[in-house]
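A closer look at the structure
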Amino acid sequence: MSTDINEDLEDEISLTDRFVKYYPLAVVCLGSLGNCISVLVFFGTKLRKQSSSYYLSSLAISDTLFLLIQLMPVLSKVGIGIYHMQGFCQFFVYLAQICSFISVWLVVVFTSERFIAVRYPLHRSVICTVYRAKIVLSILITFALIVHIPYLVISGPNDIVLANNSTTTECSLNFSWYELYTWLNYADVLMNMMIPFFLIVIFNSMICQSVCRLARIRRTMTLHPSRRRQSTSQNSQHTSQIKVTEMLLVVSTVFLCLNLPSYVFRVWMVWDTITSAKYKTIQVIANQMYNTHFGINFVLYCVSGQNFRRALVELWNKRRHSNKRLKETQVTTVLSEFSKSGVGSKQTTVNGTWKEVHELIPIAHS
């Protein structure tokens with residue numbers, strides 16, 4: 001019986017080790033690629049005229065930076081130990097906290113913007129503008145840079161004793177600041193989970209209510225032929241806004257589902273360290289779910305965003321046609337230079353006047 005238990009435990013540990021080894025690397029690589037493509041789509045197509053594209057592009061950039069930071073400990077295992085060096089350690093921890101904060105509140109910001117666009121459509125053209133989006137982004141980034149300065153102090157490279165009595169240097173918490181870290185952890189849960197969770201749930205609920213109400217009004221208007229012509233342009237704009245709203249609802253909902261387990265476990269670890277230490281596998285899964293939300297948005301855009309899919313196809317076709325035109329231009333240039341140089345043409349010299357050379361020679365009759 002004990003042998004079976006030990007074998008099951010070893011299988012669980014082996015499965016967890018493989019999961020921890022390969023899954024984060026896949027999330028970093030594929031997620032970063034998807035985020036980069038998202039930025040190209042939002043800024044390289046007609047979607048750049050929408051204020052929500054600036055929020056989503058900033059979200060993609062922030063998520064990519066966070067994913068690349070998660071790659072640093074992996075690089076240290078292959079001899080690139082920059083993550084554990086003095087100065088770099090504090091910077092990467094500081095940057096990771098900033099990216100995490102910005103990603104969370106960008107979801108709150110574009111969810112609130114969707115609420116305004118759906119609930120108060122007459123104010124959308126005034127409030128939901130690109131100019132205001134740039135102002136909000138500037139304020140959010142500045143606030144994040146200031147608030148997370150303490151992480152430059154409480155983190156750093158520390159010497160850790162291993163099981164074989166050897167020592168190694170790792171970037172971790174400076175335990176002399178453990179009390180400050182505890183309060184920062186509470187503040188992080190409050191600012192990055194509880195308040196955003198509360199706001200997103202409220203905004204999403206009110207957005208769904210408004211969308212259902214507008215859908216009923218739209219069906220009522222389409223039933224009357226006299227109103228059908230008047231509402232054609234309004235219906236097209238309304239449909240476009242609904243598509244954007246549906247995509248952002250999916251993004252914010254998935255964000256909540258992937259973030260909640262990690263933050264719950266973090267609070268549990270602070271309150272009950274002994275009990276929470278027994279559930280390492282659950283902690284690993286919760287952390288990987290948290291990291292996944294930084295690289296899954298491109299998939300969500302493709303699945304739920306019809307406008308995004310069209311813009312992606314448009315960008316792909318534009319790139320393909322531009323490459324084709326570039327090749328045609330290069331071929332034309334080569335042929336032009338070839339004809340100018342006269343290479344390959346047979347040149348002959350004919351003596352005589354122009355008339356003698358170009359007039360047809362009469363056929364001699366025998």
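Residues numbered from 1 in each chain as written. Predicted model: local features only at pLDDT ≥ 70, side-chain atom pairs only at ≥ 80, totals over all residues. Heavy atoms only, no water.

**Thoughts on the overall build of the protein chain**
Rules: Think of it this way: any DSSP run of H or I at least four residues long counts as a helix, any run of E at least two long counts as a strand, and we number them from the N terminus. Exposure is judged per residue with a 1.4 Å probe applied to protein chains only, and the accessible area is read against the type maximum: over 50% gives exposed, under 20% gives buried, and values in between give partly exposed. Contacts: residue pairs with any heavy atoms within 4.5 Å of one another.
Along its length, the protein chain carries 15 helices and two strands. Residues counted as buried form 34% of the 366 residues belonging to the protein chain. A separation of at least 24 residues holds for 75% of the contacts in the protein chain among residues at least 6 apart in sequence.

**So, the UniProt feature "transmembrane region" (unreviewed entry) in the protein chain**
Put simply, the test is: UniProt positions are given in the numbering used here, feature names are shortened, and annotations may be inferred rather than shown by experiment.
Listed under "transmembrane region" (unreviewed entry) in the UniProt record, and renumbered for this structure, are residues 22-44, 91-112, 133-154, 189-212 and 247-271. Split by type, residues 133-154 is 86% helix and 0% strand. Its first and last C-alpha atoms lie 33 Å apart. Secondary structure content for residues 189-212 is 100% helix and 0% strand, while the C-alpha to C-alpha distance between its ends is 33 Å.

**Some words on the state of the cysteines**
In plain terms, the rule: Two cysteine sulfur atoms form a disulfide, by the criterion used here, when they sit within 2.5 Å.
Within the structure shown, the criterion is met by one disulfide. Two residues, Cys89 and Cys171, share a disulfide whose sulfurs are 1.8 Å apart. The sign of the S-S torsion, about 80 degrees, decides the handedness of the disulfide formed by Cys89 and Cys171: right-handed. Of the two residues, Cys89 is situated in helix 4 (residues 88-119) and Cys171 in strand 2 (residues 167-173); the sequence distance between them amounts to 82 residues. Cys171 shares its class with Cys89; the two are buried.

**Focus on a nonpolar patch on the surface**
The line we're drawing: Like-charged residues are merged into a patch within 9 Å and nonpolar side chains (Val, Leu, Ile, Met, Phe, Trp, Tyr) within 5 Å, provided each residue has over 30% relative accessible area and no salt bridge. For accessible areas, the Shrake-Rupley method is used with a probe of radius 1.4 Å. Any residue's cover is judged against the shown protein chains and nothing else. Salt bridges are defined as contacts in which a side-chain nitrogen from Lys or Arg sits within 4 Å of a carboxyl oxygen from Asp or Glu.
Together, Ile141, Leu145, Ile146, Ile149, Leu152, Val153, Trp177 and Leu180 give the surface a local cluster of nonpolar side chains, amounting to about 660 Å² of exposed area. Among the elements of the structure, helix 6 (130-147) and helix 7 (151-154) are those that each provide at least two residues to the nonpolar patch. The biggest single contributor to the nonpolar patch is helix 6, with three residues. Inspection of the secondary structure assignment puts Leu180 in helix 8 (residues 178-222).

**Considerations on the nonpolar core**
In plain terms, the rule: By nonpolar core we mean a set of buried residues, namely Ala, Val, Leu, Ile, Met, Phe, Trp, Tyr and Cys, connected to one another through side-chain atoms within 4.5 Å.
Tyr55, Leu56, Ile102, Leu106, Phe110, Tyr301 and Phe308 are the most contacted members of the largest nonpolar core, which totals 35 residues. Secondary-structure elements contributing two or more residues to this core are helix 1 (2-44), helix 2 (51-70), helix 4, helix 6, helix 10 (232-271), helix 13 (297-304) and helix 14 (306-341). For this core, the element with the most residues is helix 4, which contributes 11 residues. Setting aside its immediate chain neighbours within four residues, Ile102 contacts Ser62, Leu140, Ile141 and Ala144. Ranked by size, the runner-up nonpolar core spans 24 residues in total, among them Val93, Leu173, Tyr290 and Phe294.

**Some words on helix 12 (residues 280-292)**
Here is the rule we go by: Given the number of residues in a helix, its expected span is that number minus one, multiplied by 1.5 Å.
When the terminal C-alpha atoms of helix 12 are compared, their 18 Å separation across 13 residues agrees well with the 18 Å that a helix rising 1.5 Å per residue should span. Regarding helix 12, the residues found buried are Gln283, Ala286, Gln288, Tyr290, Asn291 and Thr292.

**Concerning the side chain of Ser252**
For Ser252, the position within the fold is in helix 10. Since its relative accessible area comes to 0%, Ser252 is described here as buried. Residues contacting Ser252, with those up to four places away along its chain left out, are Val107, Thr111, Ile200 and Asn204.

**Overview of the packing of helix 2 against helix 6**
Convention followed: A fitted line through C-alpha atoms represents every axis, and for helices the fit uses only the stretch in contact; the resulting angles, taken between N-to-C directions, go from 0 to 180 degrees. Comment on the angle field: the value is read as roughly parallel under 35 degrees, roughly antiparallel over 145, roughly perpendicular from 65 to 115, and oblique elsewhere. Handedness of a helix crossing follows the sense of rotation of the near helix relative to the far helix, less than a right angle counterclockwise being left-handed and clockwise being right-handed. Residues are grouped as follows: Ala, Val, Leu, Ile, Met, Phe, Trp, Tyr, Cys and Pro are nonpolar; Asp, Glu, Lys and Arg are charged; all remaining types, including Gly, are polar.
Viewed as axis vectors pointing N to C, helix 2 and helix 6 meet at an angle of 30 degrees, and their least axial separation amounts to 8 Å. Put simply, helix 2 runs roughly parallel to helix 6. In terms of crossing hand, the pair formed by helix 2 and helix 6 is right-handed. Together, Ser51, Tyr54, Tyr55 and Ser58 of helix 2 and Val130, Arg132, Ala133, Lys134, Val136 and Leu137 of helix 6 make up the contact between the two elements. Of the residues contributing to the contact of helix 2 with helix 6, the split by class is six nonpolar, two polar and two charged.

**Side note on the packing of aromatic side chains**
Counted only if it meets this: Here a Phe, Tyr or Trp ring, Trp counted by its six-membered ring, pairs with any other such ring whose centre lies within 6.5 Å, and the pair is stacked when the planes are under 30 degrees apart, edge-to-face when over 60, and tilted otherwise.
On inspection of all chains with the given rule, the structure shows 18 aromatic pairs. Within the aromatic cluster, the residues linked to one another by ring pairs are Phe42, Phe298, Tyr301 and Phe308.

**Considerations on the packing of helix 2 against helix 4**
Close contact between helix 2 and helix 4 brings their axes to 9 Å; oriented N to C, the two are set at 155 degrees. Comparing their axes, helix 4 and helix 2 come out roughly antiparallel. The way helix 2 lies across helix 4 gives a crossing that is left-handed. Residues Ser51, Ser52, Tyr55, Leu56, Ser58, Leu59, Ser62, Asp63, Leu65, Phe66 and Ile69 of helix 2 form the contact with helix 4, whose participating residues are Phe92, Leu95, Ala96, Cys99, Ser100, Ile102, Ser103, Leu106, Val109, Phe110 and Glu113. Classifying every residue of the contact of helix 2 with helix 4 by side-chain character gives 14 nonpolar, six polar and two charged.

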